[in-house]
Amino acid sequence: MEQKPSKAAATDDPALVAAFEARIAAGESIEPKDWMPDRYRRQLTRMMSQHAHSEIVGMLPEGNWITRAPSLRRKMCLIAKVQDEAGHGLYIYCGTETLGTDRQTLVEQLLDGTAKYSSIFNYPTLTWADIGCIGWLVDGAAIVNQTVLAKASYGPYARAMIRICKEENFHKRQGYEIVATLATGTPAQKAMVQDALNRWWWPSLMMFGPSDKDSPNSAELLKWRVKRKTNDELRQRFVNLTVPQAQAVGLTFPDPDLKYDEASEDWKFGAIDWDEFFEVIKGNGPCNQDRIAARRKAHDEGQWVREASAAYAEKNAARSTEAA
Ligand SMILES: [Fe+2]
Ligand SMILES: [Fe+2]
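Chemist: Can you break down the nonpolar core residue by residue, with the values?
Modeler: Counting 51 residues, the largest nonpolar core has Trp200, Trp201 and Leu251 as the members making the most contacts within it. Only α4 (72-97), α6 (128-149), α7 (155-183), α8 (187-206), α10 (231-248) and α11 (274-284) provide two or more residues apiece to this core. Looking at which element gives the most residues to this core, the answer is α6, with 11 residues. When neighbours within four sequence positions are excluded, Trp201 is seen to be in contact with Leu137, Phe238, Val239, Thr242, Phe253 and Pro254.

So this is what it looks like as structure tokens:
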């Protein structure tokens, strides 16, 4: 199924747009069958599908460590977490389908490279400490983002976020537990987790997206309350939450400019290397090619399952017609 044309196709009726914006301003939730500007539908489809793809691709760096988790407990937690991420992906794909684009189309866009996913998942997981840092920092950043998205104007997206955030809290805790254990362990363990934090810190800050002045979609998404806070506000909130957590276990940040500002009560941080971010987004990160190759392989290997379930559905439909 292709994108549904909006009822007021290319040029939306200004009266409808005004009524829609009044509903948003009144804090009403927009539901799938409500009228919405075509651009709102397209922006949400882009944003939600990018989110769903990130959940699915995000399983890859961690899945890489399931067989090597250092204990049965850690292995069980990691399996459960990775499985949760699959659930988040499917849940958000379903939410995206309510806007009129089916999952098949969305998945094809991921596989052919026309859709994006979070830049963070293009970095490698070199040691077990990376799994701790992903849960602590990457899921931690996701919570900051998603807590605000739970108040987004589009009902199905907001409701998905409420449910997903509950699970993300477990993900963050399992990550921080790994980090805290290593940070208070042997000198070698402490060095391993410090190295992981050094590698994951800046990419985690990039996860919130470009600075607001360089974010082409931000203003519109804020106006329609798809986003409720700017990228820079969310990034600052994440830094403020995370710095004391690192300090509590004696870890440091790879940022000589990081310092507490009494006046704003913010942890001010140094300049982010946006060239690196845009290179990763363009497909030149350390693992971009591996990630897409792994998704294509999984998709190809699942072809027989999709065919079998379609054949089964057809057979069932034929049986019930016969019975009738
Ligand atoms: Fe998730
Ligand atoms: Fe998660």
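Chemist: Would you mind going over a positive patch on the surface in detail, with residue names and values included?
Modeler: Taken together, Lys151, Arg228, Lys229 and Arg237 make up a surface patch of like positive charges. Within the secondary structure layout, Lys151 lies in the loop between α6 and α7. We classify Lys151 as exposed; its relative accessible area is 55%.

Chemist: Describe the coordination of the iron ion (ligand 2), with residues and values.
Modeler: Summarising the metal site, the iron ion (ligand 2) is bound by the protein donors Glu85 (OE), Asp139 (OD), Glu168 (OE) and His171 (ND1), whose distances to it range over 1.9 to 2.2 Å. Considering all 4 donor atoms around the iron ion (ligand 2), the spread of angles at the metal, 91 to 161 degrees, places the coordination shape in the irregular class. Written as a sequence motif, the donor arrangement for the iron ion (ligand 2) is E-x53-D-x28-E-x2-H. Between the iron ion (ligand 2) and the iron ion (ligand 1), a spacing of 3.3 Å is present, and a bridge between the two is formed by Glu85. Highlighted residues: Glu85 in helix α4 and Glu168 in helix α7, separated in sequence by 83 residues.

Chemist: Can you lay out the coordination of the iron ion (ligand 1) for me, pointing to particular residues and giving the numbers?
Modeler: Protein coordination of the iron ion (ligand 1) is provided by Glu55 (OE), Glu85 (OE), His88 (ND1) and Glu168 (OE), with donor distances spanning 2.0 to 2.2 Å. Read in sequence order, the donor residues coordinating the iron ion (ligand 1) give the pattern E-x29-E-x2-H-x79-E. Residue Glu55 is classed as buried on the basis of its relative accessible area, which comes to 6%.

Chemist: Go over the packing of α6 against α7 with me, naming the residues and quoting the values.
Modeler: Following both chains from N to C, one finds α6 and α7 inclined at 150 degrees, their axes separated by 7 Å at the closest point. The angle between α6 and α7 falls in the class roughly antiparallel. Seen from above, α6 lies across α7 with left-handed handedness. Looking at the contact of α6 with α7 residue by residue, the classes come out as 16 nonpolar, 9 polar and 3 charged.

Chemist: Go over the environment of Arg103, please, and point to the residues and values.
Modeler: Here Arg103 shows up in helix α5 (residues 103-111). The class of Arg103 is partly exposed, set by a relative accessible area of 36%. Arg103 sits 54 residues away from Ser49 along the chain, and the two C-alpha atoms are 9.0 Å apart. Among all residues touching Arg103, those that are not within four sequence positions of it are Leu90, Tyr93 and Glu97.

Chemist: Talk me through the environment of Tyr157; I want residue IDs and the actual numbers.
Modeler: Within the element layout of this structure, Tyr157 appears in helix α7. With 148 residues separating them in the primary sequence, Tyr157 and Val305 have C-alpha atoms 28 Å apart. Setting aside residues up to four positions removed in sequence, Tyr157 forms contacts with Leu44, Met47, Met48, His51, Ile92 and Leu149.

Chemist: Would you mind going over the packing of α6 against α8 in detail, with residue names and values included?
Modeler: Across the interface, α6 lies against α8 with an axial gap of 9 Å and an inter-helix angle of 40 degrees. Of the possible angle classes, the one that applies to α6 and α8 is oblique. The handedness of the crossing between α6 and α8 comes out as right-handed. The residues of α8 that touch α6, namely those facing Ala129, Asp130, Cys133, Ile134, Trp136, Leu137 and Val138, are Met192, Val193, Ala196, Leu197, Arg199, Trp200, Trp201 and Ser204. Among the residues forming the contact of α6 with α8, the class breakdown is 12 nonpolar, 1 polar and 2 charged.

Chemist: Just give me the short version of the side chain of Ser204, but keep the residues and values in it.
Modeler: Mapping Ser204 onto the fold places it in helix α8. At 2.6 Å, the side chain of Ser204 and the backbone oxygen of Trp200 are in polar contact. Each residue touching Ser204, except ones within four places of it in the same chain, is listed here: Ile120, Leu137 and Phe238.

Chemist: Help me get a handle on the pattern of salt bridges, residues and values and all.
Modeler: Enumeration according to the criterion identifies 17 salt bridges in this entry. With its nearest N and O atoms 3.1 Å apart, the salt bridge here joins Arg199 to Asp195. Placement of the pair is Arg199 and Asp195 together in helix α8, with a separation of 4 residues, close to one helical turn. Residue Arg199 is classed as partly exposed on the basis of its relative accessible area of 27%. Note that Asp266 is salt-bridged to Lys268, the shortest N-O span being 4.0 Å. One salt-bridge network, held together by shared partners, links Glu62, Lys81, Glu85 and Asp139.

Cut-offs applied
- Residues numbered from 1 in each chain as written.
- Chains lettered and ligands numbered in written order.
- Predicted model: local features only at pLDDT ≥ 70, side-chain atom pairs only at ≥ 80, totals over all residues.
- Heavy atoms only, no water.
- Core = buried A, V, L, I, M, F, W, Y, C linked by side-chain atoms within 4.5 Å.
- Buried < 20%, exposed > 50% of the residue type's maximum accessible area, 1.4 Å probe, protein only.
- Helix = DSSP H or I, 4+ residues; strand = E, 2+ residues; numbered from the N terminus.
- Contact = heavy atoms within 4.5 Å.
- Patch = residues over 30% accessible without salt bridge, like charges linked within 9 Å, V, L, I, M, F, W, Y side chains within 5 Å.
- Areas by Shrake-Rupley, 256 points an atom, 1.4 Å probe, with all protein chains shown as cover.
- Salt bridge = Lys/Arg side-chain N within 4 Å of Asp/Glu carboxyl O.
- Lys, Arg positive; Asp, Glu negative; His and termini not counted.
- Charge placed at Lys NZ, Arg CZ, Asp CG, Glu CD.
- Donors = N, O, S within 2.8 Å, 3.2 Å for Na, K, Ca; no water.
- Tetrahedral: all angles 85-135°; square planar, octahedral: opposite > 155°, others 65-115°.
- Axes fitted to C-alpha atoms, helices over the stretch in contact; angles between N-to-C directions.
- Parallel < 35°, antiparallel > 145°, perpendicular 65-115°, else oblique.
- Left-handed = near helix turned anticlockwise from the far one by under 90°.
- Nonpolar A, V, L, I, M, F, W, Y, C, P; charged D, E, K, R; others polar.
- Polar contact = N/O pair within 3.5 Å; in protein donor to acceptor, adjacent residues only side chain to side chain.

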